[in-house]
Amino acid sequence: MESHWNPATSTVGFSLLPSELIEYIILNLALPDIVRLKFANRFVASIIRDQSFVRKYNLNSSSTTCLFIYKKRWHRDSMLHGFTDRSDRWFEIPIVKLLNPIVPPGEDLYFLTASGNYFLFALNTSQEIISVNPLAKTVKKIPPSPLGPRGTSSWRRSSMKLLTGPPGSSHFRFLFAEFHENHPVLFEYDSEKNTWRFIEARENIGNLSRINERGSDFTFLSVLNGRSGSILIGLGSRTDDPVIVRPRFDGGGEEQRLAVGFSWGNVIDRLHVYGDGNMMVLRSDGIDDVNKRGRILKSVELWGLSSNGMSWELTSVVPRGLIEKVTKPYGVIMGCLKEREGIIMVVLVSNFEGKWDIIWLCYDVMREQWNWVPLPDCKMKGLNMAGITISSGLTLS
């Protein structure tokens, strides 16, 4: 049986190790384990509180990517789990006790997005949004947007972005794009002011070639995605001048049945997933078993914006050998797509006959190379998936 030693629960003799070795071990722990360790040993706690250690940890965390999933049984037993690209096990983020005082019994909660130490959830019955900072142990209700209360089905992952400040910052901005009065509009919530504002995006007039430069400060939010193209809102580091980007898509192929973001059933043979100015196209076939209804992936394509933002261009195709290595039959599948520091991350979550499967792939733009991040079992049996996102690492303050 495989086992993992965790100093957060195995403190006997731990403080007898050289302080340099202790610091190295702690730097490679998930933050929830570090927080628990602070209360287990005074000597170790003094290392964790030292500002030099805090700076080192936050520097490491700034280049760490986390996958967060929120899973639950119906109206009870909810859990938020995380996995980093530098780890070999899932860690749990304790939020249930924080949510209990503010979330009414029986409320249907859905995980929207995360950034830094902040997590946003949507409440389906009351149609509210709450922000949670599990490290600071704070929960806050966000006032309704100018569009009014919104149920969980109104939120689309590719249309949202949560922006947080540097480590230790207690403020964030939440952006989402939507059609309002037949025009693409950017909505922005500022936690410091506790207010919303909305800005009507302008048409893309002239040459905006720099929007597709790697490392540029442009952010893209999806407004509408269809078979022949998309409507996005592009914005720079300042959100005062959002522009409309309308890339065409000419790579549809022969498939007739298309889904966007989420695919269910045995007849959808093409799924599009969007995020950060990229598009993932999943093509599938029915499984060769007359006794089972499901599909299996035959290809995964990655598309990006052209230099002027006017069309989608093929970036890369996941190698066939890698597809065969990681794919399994599915009845339901959904995806998550994020680009960070020149790495495009693809996460696919599927279910087949009650069994969940998660695939994490990364594409290095500069090296033009695909990698697979193996994930251990996340213990999803009997649970429902209630939200998934890719985010930066958690930080100490």
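A quick note: this is a predicted structure, and the numbers were derived from the prediction, not measured.

### Thoughts on helix α3 (residues 42–49)
Every buried residue belonging to α3 is among Val44, Ala45, Ile47 and Ile48, and all of these are buried. Buried residues along α3 cover an arc of 155° about the axis, so they all sit on one side. In α3, the exposed residues that point more than 90 degrees away from the buried face are Arg42 and Arg49. Check the buried side of α3 and you find it contacts α1 (19–27), α2 (31–38) and α4 (51–62).

### Quick look at the pairing of strand β21 (residues 312–317)
Pairing geometry for strand β20 (residues 295–305) and β21, over five bridges, is antiparallel. Each bridged residue has a counterpart across the sheet, and for Glu301 the counterpart in β21 is Val317. As consecutive antiparallel partners, β20 and β21 are separated by six residues, and within that stretch Gly309 has a phi angle of approximately 75°, a positive value.

### Focus on a nonpolar patch on the surface
On the surface, Leu17, Leu21 and Tyr24 cluster together into a nonpolar patch covering about 280 Å² of accessible area. Of note, Leu21 is situated in helix α1. The exposure class assigned to Leu21 is partly exposed, which follows from its relative accessible area of 37%.

### Overview of the packing of aromatic side chains
Within this structure, the stated rule accounts for 21 aromatic pairs. On the numbers, 5.5 Å between centres and 45° between planes, the contact of Tyr189 with Trp196 is tilted. Of the residues examined, Trp196 reaches a relative accessible area of 15% and is grouped as buried. Centroid distance Phe249 to Trp303: 4.8 Å. Interplanar angle 80°. Geometry classified as edge-to-face. A residue pair is termed long-range when its members are at least 10 positions apart, and Phe249 in the loop between β15 (243–245) and β16 (258–260) and Trp303 in strand β20 qualify at 54 residues. Each member of the pair, Phe249 as well as Trp303, is classed as buried.

### Considering empty space enclosed by the protein
In the structure shown here, the tally under the stated rule is four cavities of 30 Å³ or more. What lines the largest cavity is simply Gln127, Glu128, Ile129, Ile142, Pro143, Pro144, Ser145, Gly148, Pro149, Arg150, Trp155 and Trp196. Here the residues of the lining of the largest cavity sort into seven nonpolar, three polar and two charged. Lining the second largest cavity we find Leu297, Thr327, Lys328, Tyr330, Ile333, Leu348, Ser350, Asp357 and Ile359. Elements with a contribution of two residues or more to the lining of the second largest cavity: β23 (343–352) and β24 (355–364). Residues that form the lining of the second largest cavity fall into these classes: five nonpolar, two polar and two charged.

### Observations regarding the sheet that holds strand β13 (residues 219–225)
Judged by pairing direction, the sheet is mixed, and its four strands sit side by side in the order β12-β15-β14-β13 without closing on themselves. Each edge of the open sheet carries a strand with a single partner, namely β12 (202–203) and β13.

### Points about the environment of Glu188
Looking at where Glu188 falls in the secondary structure, it is placed in strand β10 (residues 184–190). Judged by its relative accessible area of 6%, Glu188 is buried. Sequence separation of Glu188 and Phe174 is 14 residues, and the distance between their C-alpha atoms is 5.7 Å. There is a polar contact of 3.1 Å between the side chain of Glu188 and the side chain of Arg173.

### A closer look at the sheet that holds strand β9 (residues 172–179)
The strand order across the open sheet formed by four strands is β8-β9-β10-β11, and the pairing between neighbours is antiparallel. In the strand order of this sheet, the two ends are held by β8 (160–164) and β11 (195–200), each with one partner. Each strand of the sheet is rotated relative to its neighbour by a mean of 20°, with strand direction disregarded. Where β10 lies against β11, six bridges are found, and the strand directions are antiparallel. Of the residues in β11, the one forming a bridge with Asp190 is Thr195.

### Here's the deal with the packing of α1 against α4
One can describe the packing of α1 onto α4 by two numbers: an axis separation of 10 Å at closest approach and a directional angle of 35°. As α1 runs across α4, the sense of the crossing is right-handed. Of the residues in α4, those in contact with Glu23, Ile26 and Leu27 of α1 are Phe53, Lys56, Tyr57 and Asn60. For the contact of α1 with α4, the per-class residue count stands at four nonpolar, one polar and two charged.

### Some points on α4
Over its twelve residues, α4 extends 16 Å from the first C-alpha to the last, a length consistent with the 16 Å expected when each residue adds 1.5 Å. Those residues of α4 not exposed but buried are Phe53, Val54, Tyr57, Asn58 and Ser61. Within α4, the buried residues cover an arc of 125° as seen down the axis, which keeps them to one side. Residues of α4 that are exposed and angled more than 90 degrees away from the buried face: Arg55 and Leu59. Buried residues belonging to α4 abut α1, α2, α3 and β22 (332–340). Where α4 begins, the capping side chain belongs to Asp50, and its oxygen is found 2.9 Å from the backbone nitrogen of Ser52.

Definitions and limits used
Residues numbered from 1 in each chain as written. Predicted model: local features only at pLDDT ≥ 70, side-chain atom pairs only at ≥ 80, totals over all residues. Heavy atoms only, no water. Buried < 20%, exposed > 50% of the residue type's maximum accessible area, 1.4 Å probe, protein only. Helix = DSSP H or I, 4+ residues; strand = E, 2+ residues; numbered from the N terminus. Arc of directions from axis to C-beta. Contact = heavy atoms within 4.5 Å. Pairing = 2+ DSSP bridges. Patch = residues over 30% accessible without salt bridge, like charges linked within 9 Å, V, L, I, M, F, W, Y side chains within 5 Å. Areas by Shrake-Rupley, 256 points an atom, 1.4 Å probe, with all protein chains shown as cover. Salt bridge = Lys/Arg side-chain N within 4 Å of Asp/Glu carboxyl O. Phe/Tyr/Trp six-rings, centres within 6.5 Å; stacked < 30°, edge-to-face > 60°. 1 Å grid on protein atoms, 1.4 Å probe; cavity = no way out; pocket = protein on both sides within 12 Å on 5 of 7 lines; lining within 4 Å. Points joined across faces, edges and corners; volume = space filled by probe spheres on them. Nonpolar A, V, L, I, M, F, W, Y, C, P; charged D, E, K, R; others polar. Polar contact = N/O pair within 3.5 Å; in protein donor to acceptor, adjacent residues only side chain to side chain. Axes fitted to C-alpha atoms, helices over the stretch in contact; angles between N-to-C directions. Left-handed = near helix turned anticlockwise from the far one by under 90°. Expected span 1.5 Å × (residues − 1).

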